[in-house]
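Fold and contact review
Given next are the chains, with one letter for each unit.
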Amino acid sequence: DTGVSQDPRHKITKRGQNVTFRCDPISEHNRLYWYRQTLGQGPEFLTYFQNEAQLEKSRLLSDRFSAERPKGSFSTLEIQRTEQGDSAMYLCASSLELSATNEKLFFGSGTQLSVL
Amino acid sequence: QQPVQSPQAVILREGEDAVINCSSSKALYSVHWYRQKHGEAPVFLMILLKGGEQKGHEKISASFNEKKQQSSLYLTASQLSYSGTYFCGTAFDYKLSFGAGTTVTVRA
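Below is a short write-up of the structure. Each residue is numbered by its place in its chain's sequence as written, counting from 1. Key to labels: chains lettered from A, ligands numbered from 1, both in the order written. Totals for whole chains, interfaces and linings use all residues, but because this is a predicted model, local features are given only for residues with pLDDT of at least 70 and pairs of side-chain atoms are given and counted only at 80 or more. Excluding hydrogens and water, the side-chain values take into account all heavy atoms of the structure.

For the rest of this paragraph, the subject is the overall build of chain A. The numbering of helices and of strands both runs from the N terminus, where a helix is a DSSP run of H or I of at least 4 residues and a strand a run of E of at least 2. Within chain A, the regular secondary structure consists of zero helices and eleven strands. Listing the helices and strands of chain A from first to last along the sequence gives β-β-β-β-β-β-β-β-β-β-β. The reference for a compact globule is 2.2 Å times residues^0.38; the radius of gyration itself is calculated from the C-alpha atoms. On C-alpha atoms alone, chain A measures out to a radius of gyration of 13 Å, which is about the 13 Å that the 2.2 N^0.38 rule sets for 116 residues. Along the first, second and third principal axes, the C-alpha set of chain A runs to 40 × 30 × 30 Å.

The subject of this paragraph is the sheet that holds strand S3 (residues 19-24) of chain A. Residue and element names in this part refer to chain A. A strand pair is defined by DSSP finding two or more bridges across the two strands. Sheet architecture is open: four strands sit in the order S1-S3-S8-S7, paired in antiparallel fashion. One side of each edge strand has no neighbouring strand; the edge strands of this open sheet are strand S1 (5-7) and strand S7 (65-68). Averaged over neighbouring strand pairs, the angle between their axes works out to 15° when direction is ignored. Sheet topology note: the S1/S3 ladder contains three bridges and is antiparallel. Whenever a helix is involved, its axis is fitted only over the stretch in contact; in every case the axis is a line through C-alpha atoms, and angles between N-to-C directions fall within 0 to 180 degrees.

All names here are of chain A. A cis amide bond, omega -5°, links Asp7 with the succeeding residue Pro8. By the element assignment, Pro8 lies in the loop between S1 and strand S2 (10-13). Not every positive phi belongs to a glycine, and Arg81 is a case in point at roughly 45°. If you trace the backbone, Arg81 turns up in the loop between strand S8 (75-79) and strand S9 (88-95).

Another aspect to go through is the pairing of strand S4 (residues 31-37) of chain A. Residues and elements named next belong to chain A. Burial here depends on accessible area, computed with a 1.4 Å probe over protein chains only, as a share of the maximum for the residue type. Under 20% is buried, over 50% is exposed, and the range in between is partly exposed. Burial analysis of S4 places seven of its seven residues in the buried class, which makes it a mostly covered element. Side chains Arg31, Tyr33, Tyr35 and Gln37 project from S4 onto one buried face, and the interleaved Leu32, Trp34 and Arg36 project onto a second face that is buried too. Here S4 runs beside strand S5 (residues 44-50); their pairing, made up of six bridges, is antiparallel. In the strand pairing of S5, Leu32 is matched with Phe49.

Turning to the nonpolar core, a few remarks are in order. Side-chain atoms within 4.5 Å link the members of a nonpolar core, which is a set of buried Ala, Val, Leu, Ile, Met, Phe, Trp, Tyr and Cys residues. Ranked by internal contacts, the top residues of the largest apolar core, which has 22 residues, are B:Trp33, B:Leu73, B:Leu75, B:Tyr86 and B:Val104. Mapped by element, the contributors of at least two residues to this core are strand S2 (9-13), strand S3 (18-23), strand S4 (30-36), strand S5 (43-49), strand S6 (60-65), strand S7 (70-75), strand S8 (84-92) and strand S10 (102-107) of chain B. Among the nonpolar cores identified, the runner-up in size contains 19 residues, and A:Leu61, A:Phe65, A:Ala88 and A:Val115 belong to it.

Interface size is often expressed as the accessible area that is lost when the parts come together. On the side of chain A, 24 residues touch chain B, which itself brings 20 residues to the contact. Summed over both partners, the interface of chain B with chain A comes to about 1,800 Å²; 58% of that surface belongs to carbon and sulfur atoms. We define buried area as the total accessible area lost by two parts upon association, computed with a 1.4 Å probe and summed across both. Three residues, B:Tyr94, B:Lys95 and B:Phe98, lead the burial of chain B against chain A; their summed loss comes to 36% of the area buried on that side. For this document, the term salt bridge refers to a Lys or Arg side-chain nitrogen within 4 Å of an Asp or Glu carboxyl oxygen. At the surface where chain B touches chain A, the tally comes to one salt bridge. Among the ionic pairs, B:Lys95 bridges to A:Glu56, the shortest N-O distance being 3.0 Å. Between N or O atoms, a polar contact is any pair within 3.5 Å; within protein, one atom must be a potential hydrogen donor and the other a potential acceptor, and residues adjacent in sequence are included only when both atoms are from side chains. Taken together, the connections running from chain B to chain A amount to five residue pairs in polar contact (both at pLDDT 80 or more). Broken down by secondary-structure element, the contributors of at least two residues to the side of chain B that touches chain A are S4, S5, S8 and strand S9 (95-98) of chain B. Looking at which element gives the most residues to the side of chain B that touches chain A, the answer is S4(B), with four residues. Each residue gets one of three labels, nonpolar for Ala, Val, Leu, Ile, Met, Phe, Trp, Tyr, Cys and Pro, charged for Asp, Glu, Lys and Arg, and polar for the others, Gly among them. Residue composition of the side of chain B that touches chain A, by class: 13 nonpolar, five polar and two charged. In what follows, residue pairs with any heavy atoms lying within 4.5 Å of each other are defined as contacts.

Shown next, in the form of structure tokens:
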């Protein structure tokens, strides 16, 4: 068990550029989540996958955001035409499905995005 | 809708106790607690399920009052290692919604 890994750890980009982040979950975990965290706030849900199926996206998630999890393994989160408001820590988490209310999430260390 | 935590911050000396509260406007079936140290990922502490109280993780325990839609996290005889930001999370349809967090600073 090597934990959840995210790449890159830091990303600095100019407004209008596209960025892509990668998350490798714990291998036997079938659920994968993306969260966004800004300074002084708790993680905010963005989207989640069960295996390769994307089951839900937050209503707050702009169309500029897209996520994939091909073959139910690693996941990518892409942000197109970045804006300064996209600057945040993007956290990935994985879990074994237990029930709708009884899941233990394992978080990665996150990707810190700075949009200039 | 995210749960509300209080206080926003607390400063303790080693050995002191503290309570962190978490409340929700929605009916709760479970409450999750995580701790995040500066620059690190949130780490799972415990889950409290409806009708139960769970102890785990050092001298940190929690209670869950589903009628009041509240949970409290108890830090007993705090240690330096307890410093960090504590988040409660409420689960609906496989999604955890987190509170804004309570920052705990334990000083020697």
